[in-house]
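The residues making up each chain are set out below.
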Amino acid sequence: MGLTTACQPVLRVLVGRVQACFAVVLVMALVCGVPAAGASSGGCSNELRREEQNSLYLPECRAYEMVSPLEKNGTDVTGNGDVTEAADNGEAVAYGALAGFSETSGSGALGFTQYIARREEDGWRTRGITPRATLEAFQFLPGAVAATVFSTDLEYAAIEGYQLEDGSGGVPKEINLYRENTATSGLETISEPLTAGPFSPLGMNGTQRGSSADLSTVTFETTLNLLPEATGSKRKLYMWRDGQLQLAGILPDGSVPSGGSEAPAGQGEIQDALLNRDAVSTDGSSVAFASPASGSPQLYLRRNGTSTAWVSQSEASSPIASPKGVRYQAMTPDGHEVVFTSSDPLLDADPGGAGVGLYIYTDGPSPESESNLTFVARLNDSSSEQLVSAISDDAKRIYFYAGAGGEFATAGTYIWDEGAIHLVAETGTPLSKQAPYAHASLLAQASANGEVFAFRSNESLTEEAEDARSGQLYVYDESTRKLRCVSCMPAGAPTSASAEVEPEATKEPQSIDLPIRPRFVSSNGEHMFFATAAPLVAQDTNGLTDVYEYDLASGEVSLLSPGTGGYGAWFGASDESGDNVFILTRGQLVGSDTDSLVDLYDVRVGGGFVQPAPQTGGCVGDECQGSPSAAPSFNVASGFTGLGNVVAGKEGKAVGQSKPRALTRAQRLAQALKKCRHRSKKARARCAAKARRKYGPHAAKKARKAQKSTSNRVVRRGGK
Amino acid sequence: MLRSVSRRLTCVVALLAALGVFAAAPAAGVAASSPVTVTASVPDYAEPGEFVQITMAIVNMSDEKTKAPIVVSDTTGSGLTAATPSENFVFADSSIAYHETSEEEAQTPACETTGKTFECTIAQVLPPGTQLTIRLETMLEGGASGVLSNQSSVSVGGLPAQTSQERITVGERGPFAFDSMGVSLLDREREPLEQAGAVPSDFTTDLTFASGTGEMFHLIPIAGPVEHFKDVTVHLPPGLIGNPTAVPTCTAAELAEEGPGGQQLPNCPPGSQVGLVHLLLGGEATPLSGLFNMVPPPGAASQLGFKVLGTIVVLDAYVRAGDHGIDIVSRNTSTTLPITNVEVTTWGDPASPSHDRMRGACLGFGEGANGQTCPDGEPETAFLRLPTSCSGEQLPFSAESNSYEQPTTFVSGSAAGPTLSGCEQVPFEPTIFTQPTTTAANSPTGVAVQLSLPQSSNPLGIGESDLKKAVVTLPEGMALNPSAADGLQTCSDAELKLDSNEPATCPEASKIGTVLLNTPLLANPIEGFVWLRTQNSSDPMSGEMFRIAIELRDDRHGIDIKLPGQVAANPVTGRLTSTFDDAPQLPFSEMTLHFKSGARAPLTTPFACQPQTTEADLYPWARPNTPVHKSMTFQLTSGPEGTPCTSTPGFNPTFSAGVSSVQAGGYTPFLVTFSRKDADQSMQRVSMQMPKGLLGSLVGLPLCGEAQANAGTCSQESEIGSVTAGAGDGPTPF
């Protein structure tokens, strides 16, 4: 395994020829529509929001909430690869983009920046969480900053990156591991050496492995000797627990294995990283690891940092000192059970021979038995295969693949249900090999009790899948022992598109995959989510990829994206209950989304926020000044208490108006004189004289008499 | 020790370069007539005993290959050893090695050192779009202190050398700062362009940030920035504009996707490439990247974008408040790469065949260097335009930036562009049209004013001058309408937010009109409003008594332009003159103002039906003292309220008067009313004769003096009556 693969579990950055160049460089130079059942047509408390969004078709009173901000620095939310992870309770979600926005601080390879969005009373708030590397960091080289794993509540992130600017300590001028408080950006250095070194370059690249649910425990492996007790040049698995660094790879006798130690699933592809992520119990007390302590690599379980159990120790009557072909398969969340395979029989119940024995290790002998091991079956398969697809939280149900042979008449995926084995589906190859994605283990998830098992298969496994395009989503219900293709069109109609549980909303040439496992099955197994371009309901008319929900109880599918319009939608992640389903789309599902960039939405049960009122251009014209006021009133009649000479008029009109009054003599004189001005000098003098004779003071007496007579008439008329 | 490590790791850099990681070069200096740009880079800070790398990146930005030879020289100053070649001393694009000269020939230059001057002659030609990187190294002597100097120069094909002087400060890294800023505007012959209103062939902005020495993994020498820059704003001078509607656009998805030319190239339409970008990362030059005209996000007038080594950078363009120049902003810039130098070249005519060898796959695969062309199939059109004014001063460019480390501290840089000339050649052919909204005389009316300027997209021509000032004088008799005052409010300066890009918060009741502006810069017209501002003076001639403002607002593109205007009223004739000065240096093809109509319209038409003439003087930015005079005539066809036109208005006012008590010798109020109709002439003087014996008793009443009366401060005791007045044309006088 070269360095190229060593960095892959953490951050797989494919840049075409450049990636190939990297390998060369590193090796050579450095290292050497129709509402479905469950849809509500009223009675939801958020009905108004649903009406505003035109999302009444959504089942279970779901409504859209825009999670990513409108202001995204002109860039899509990354919708390619697995970078989206929901908090268990659905109140937060992690996602990424190739640009900085929302209080961003730094960015990683290719400008990839990670964000946490948290739901608040009035909407989702996004915060950039990618820290800055130091000034010398050339993130085209290994050491690009990335959050590789999150706590289940997204309060913390494990960060891997070249010597962060805001981090303290760590291995100098080297890639380091940190725990970040995603609300404050505070950093704690995980890879804090307690030795002086020297430290060889790139010894910390791609090292993060497992973690507890709250990230108080993080495991990583490196060739560097960070502790005095760590020696040699082999890889060693370290455990950072409550701020203290210690070696996780310690043998039951307390010694440090000379052959080194590593995370139990190895360090290959992303799916191995996912398996390793689960190899630490949720409370951090149990850490599984592998070590070639004596010959072949063996599995161990480090407990509370104080003792170690040998998981793959033979309990046969004729025990094998160093069983061969031991491979880690799964661990229960409490770390109490480890499921693994072994080429050599470890119990007398295992007939041995070809293939591998599938075992459950239970930590601490049960009261009834001195044995820690439970034999499940001997499988006719290679010891290097990932054969277990999913287990229940108590390991009482295990879904595994078995090739034909031995006790298995046909190759297929089986369930071991507390001792009984049933055929789930006749899959010709392990589900882990049917991956179109890097995350093979993404393709199969079980409910917490293991009763429901959902998986994507390229094979046609049911009648309705006969005419289906390769790659459909199947659901097996152990309670009925029935298998159904939930992404297939109803029987008789060919299914023209495959079902996807990994988004392809964007098509960046660089694939950024993080070892996160977007949940597509609710914890209780009642809901499954996927995307397909097949129109599974009548409302889906746009011929594009849309997100669907399958309801186990009703056996019906419902649209979680509009199914109409010019944009498709992709499934991103869901929370534990399935109440919050995060989808990616360029569509504008709420009023505040005004661009066609890819956004992250929560299709939330009882969700929806009040949208800002759409901006209008405001008033136009006369209406801007409101209603006209009443015209000024000149109704003088109201002022009279006795007799007067004014006749009241109609409301709003000037009243008391007498007939137009004749011009006074003086006015007439002025008017006449004005007219005279336009004449010649001689004519003007004659004109003026004539005017004065007619209207001048000499004639004024007669005129005054006439005026007096008129006034009297007015008074008389008013005084009747 | 440092040296040996450095040498070991230089091969890493060489490998990266060989793989196309470091392949083409940016440029800081653009010499007149030179086909190349040269960026010379050394760290700004270094410690005694440290080796520092001197990088000279030579890029052929022209459409023809250069002539051999390339002569480089470097002279180190006191405190620095003479420069020596690094292991990868001459580093050429693979396309050069394959297609033009042998790699061996290029890698074996003739060099000699004379004193502290190192000089090499390289038998190399550079095809269009290719670059050659020269790497030298020098060491700070043990006792070095203060500021050391280094001079490097590059001569290509016998042309005059381009020389740059770099400084190295001995000691720890200094504060975040711009090390330098440069701009160049070149014509098609790569000569400096000074013609106002012309379309530049290349407009290049170069920003260099302060850098220091460092290393990664204890191995790789990196000349990194002293801090990570976060936001960078480049302020373009007013009038230097780009037209995003002139060329196709690229979406964010297309920029991120892999194009047919390979992963290093986006999937943008070829026609959307509008330039080139090259960077210095950690002291190394990146390949040339295409610059694309992006679909702008909400809130930005336009956006440019590029992708370097997979990292996307977008540059948003905004119309800034104040002088309405364009700001180019990179916000929350990625910290992925240790960028120390950014050089952005924007093409004035993106479809020009001169760029065919540096577009799309021709750029990415070096096919352009091999003689292939990649035309974009779009018609040639002007994407850039220089200001249309000639201020006599150099065009001011400036930049601001902060860092992630100190986000509230902004540093600035500046550069002077050319002094524009030739304003007499800048065309200015406006047309203006005004029309009242009613054809009735002496009636409330709105007015439509339409101003047009022909805009050309000819990349070889000179653009139409922007309008600086408009003075519009309405016909005599077209006056302010008092009826408009009913319900009318005004907008305060604080509400208008004149020097801000924020939308005005004026009362709706202060809106007296609407505006529609068509600009070639936007696909859709911008709408806006005319606001009535608060009165600043009681002098009607001052222009401060009647103040208005135009607000053009386009939220989609983040545009909010406010243009204050003054309306002066002749106190004798009442004639109104509106003046809008210092209009934005932004091109528009048509602007239409609609002052609202209706009973409360702000204006009234003249009394007479005779032809009415509006006069306009329009001043171009190109010749701000030489207005173009325009006059327009409109005809009123009726009198008010449906009455026929009359050549002489009538005058039939009404009068009434009376008392409320007829008790002889008694006391009584006296009431009198005068009125006139819209069709009547205005009253010039009123006199009234009281009946004999009707007397007023003023005994015991205090008198209000003239001054008090003018000031409106008469005492209550002096009040002997009240007056109600109604004014304004139309059915609802105020």
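Cut-off values and rules
- Residues numbered from 1 in each chain as written.
- Chains lettered and ligands numbered in written order.
- Predicted model: local features only at pLDDT ≥ 70, side-chain atom pairs only at ≥ 80, totals over all residues.
- Heavy atoms only, no water.
- Helix = DSSP H or I, 4+ residues; strand = E, 2+ residues; numbered from the N terminus.
- Rg over C-alpha atoms; globule rule 2.2 N^0.38 Å.
- Buried < 20%, exposed > 50% of the residue type's maximum accessible area, 1.4 Å probe, protein only.
- Patch = residues over 30% accessible without salt bridge, like charges linked within 9 Å, V, L, I, M, F, W, Y side chains within 5 Å.
- Areas by Shrake-Rupley, 256 points an atom, 1.4 Å probe, with all protein chains shown as cover.
- Salt bridge = Lys/Arg side-chain N within 4 Å of Asp/Glu carboxyl O.
- Lys, Arg positive; Asp, Glu negative; His and termini not counted.
- Charge placed at Lys NZ, Arg CZ, Asp CG, Glu CD.
- Pairing = 2+ DSSP bridges.
- Core = buried A, V, L, I, M, F, W, Y, C linked by side-chain atoms within 4.5 Å.
- Contact = heavy atoms within 4.5 Å.
- pLDDT = per-residue confidence, 0-100.
- Axes fitted to C-alpha atoms, helices over the stretch in contact; angles between N-to-C directions.
- Phe/Tyr/Trp six-rings, centres within 6.5 Å; stacked < 30°, edge-to-face > 60°.
- Lys NZ or Arg CZ within 6 Å of the ring centre and 35° of its normal.

Concerning the overall build of chain B
From N to C terminus, chain B includes 7 helices and 43 strands. Since a compact globule built from 734 residues should have a radius of gyration of about 27 Å, the 35 Å found for chain B marks it as more spread out than a globular shape. Dimensions of chain B along its principal axes, counting C-alpha atoms only, are 125 × 55 × 40 Å. Taking all 734 residues of chain B together, 56% fall into the buried category.

Brief notes about a positive patch on the surface
Residues and elements named next belong to chain A. A surface patch of positive charge is lined by Arg668, Lys675, Arg679, Lys682, Arg686, Lys690, Arg693 and Lys694. By residue number, the principal contributor to the positive patch is helix H6 (residues 681–695), which donates 5 residues. Residue placement: Arg686 occurs in helix H6. On the accessibility criterion, Arg686 (54% relative accessible area) is exposed.

A closer look at a negative patch on the surface
Taken together, A:Asp153, A:Asp214, A:Asp242, A:Asp283, A:Asp334, A:Asp393, A:Asp394, A:Glu418 and A:Glu576 make up a surface patch of like negative charges. Assessed through its relative accessible area of 39%, A:Asp393 is described here as partly exposed.

Re the pairing of strand S34 (residues 580–585) of chain A
Residue and element names in this part refer to chain A. Burial runs high along S34: 6 of the 6 residues are buried. Burial along S34 is two-sided: Asn580, Phe582 and Leu584 and Val581, Ile583 and Thr585, pointing in opposite directions, are all buried. Of the strand pairs in this sheet, strand S33 (residues 569–574) and S34 are connected by 5 bridges, and their pairing is antiparallel. Paired with Phe571 across the bridge in S34 is Ile583. In textbook terms, the turn of a hairpin is the stretch between consecutive antiparallel strands, and for S33 and S34 this stretch comprises 5 residues, one of which, Gly578, has a positive phi near 85°.

So, the nonpolar core
Counting 153 residues, the largest nonpolar core has A:Phe150, A:Leu226 and B:Phe397 as its most contacted members. Among the elements that make up this core, the one with the highest residue count is strand S22 (residues 311–319) of chain B (6 residues). Here B:Phe397 is in contact with B:Met181, B:Val183, B:Leu185, B:Phe203, B:His235, B:Leu236, B:Pro237, B:Leu240, B:Gly413, B:Ser414, B:Ala415 and B:Gly417, once residues within four sequence places are set aside. Membership of the second largest hydrophobic core comes to 54 residues, among which are A:Phe520, A:Met528, A:Phe529 and A:Tyr548.

Structural notes on the confidence of the model for chain A
Residues and elements named next belong to chain A. Of the residues in chain A, 81% have a pLDDT of 70 or more, and the chain-wide mean is 82. Predicted confidence in chain A is weakest over helix H1 (residues 3–7), with a mean pLDDT of 30, and strongest over strand S35 (residues 599–605), with 98. The low-confidence segment residues 1–40 (pLDDT under 50) makes 108 contacts with residues lying over four places distant or belonging to another chain. Low pLDDT, under 50, characterises residues 706–720; the predicted model gives this stretch 3 contacts beyond four residues in sequence or across chains.

Side note on the sheet that holds strand S23 (residues 412–417) of chain A
Residue and element names in this part refer to chain A. Spatially, S21-S22-S23-S24 is the arrangement adopted by the 4 strands of the open sheet, whose pairing is antiparallel. The sheet is open, and its two borders are formed by strand S21 (388–391) and strand S24 (420–425), each paired with just one other strand. With strand direction ignored, the average angle separating the axes of adjacent strands in the sheet is 25°. The pairing of S23 with S24 spans 5 bridges and is classified as antiparallel.

Quick notes on the pairing of strand S4 (residues 113–120) of chain A
Residues and elements named next belong to chain A. Extensive coverage of S4 is indicated by the burial of 6 of its 8 residues. Sheet topology places strand S3 (residues 92–97) next to S4; 6 bridges connect them, and they run antiparallel. If you follow Ala97 over to S4, its bridge partner there is Thr113. Looking at chain direction, S4 and strand S5 (residues 123–128) are connected through 6 bridges and run antiparallel. What sits directly across from Arg118, in S5, is Arg125. The loop that links S4 with its antiparallel partner S5 comprises 2 residues.

What about the packing of aromatic side chains?
For the structure shown, the criterion picks out 24 aromatic pairs over all chains. Plain terms: the ring middles of A:Phe408 and A:Tyr414 are 4.7 Å apart, the flat faces sit at 55° to each other, and that makes the pair tilted. The exposure class of A:Phe408 is buried, given its relative accessible area of 3%. With relative accessibility at 6%, the residue A:Tyr414 sits in the buried group. By the ring-pair criterion, three or more aromatic residues cluster together here, those being A:Tyr399, A:Phe453, A:Phe455, A:Tyr474 and A:Tyr476. B:Lys469 extends its terminal NZ or CZ atom over the ring of B:Tyr619, reaching a point 4.9 Å from the ring centre. Residue placement shows B:Lys511 over the ring face of B:Phe529; its charged tip is 3.8 Å from the ring centre.

Focus: a nonpolar patch on the surface
On the surface, B:Phe651, B:Val672, B:Phe674, B:Met683, B:Val686, B:Met688 and B:Met690 cluster together to form a nonpolar patch covering roughly 520 Å² of accessible area. For B:Val672, a relative accessible area of 31% translates into the label partly exposed.

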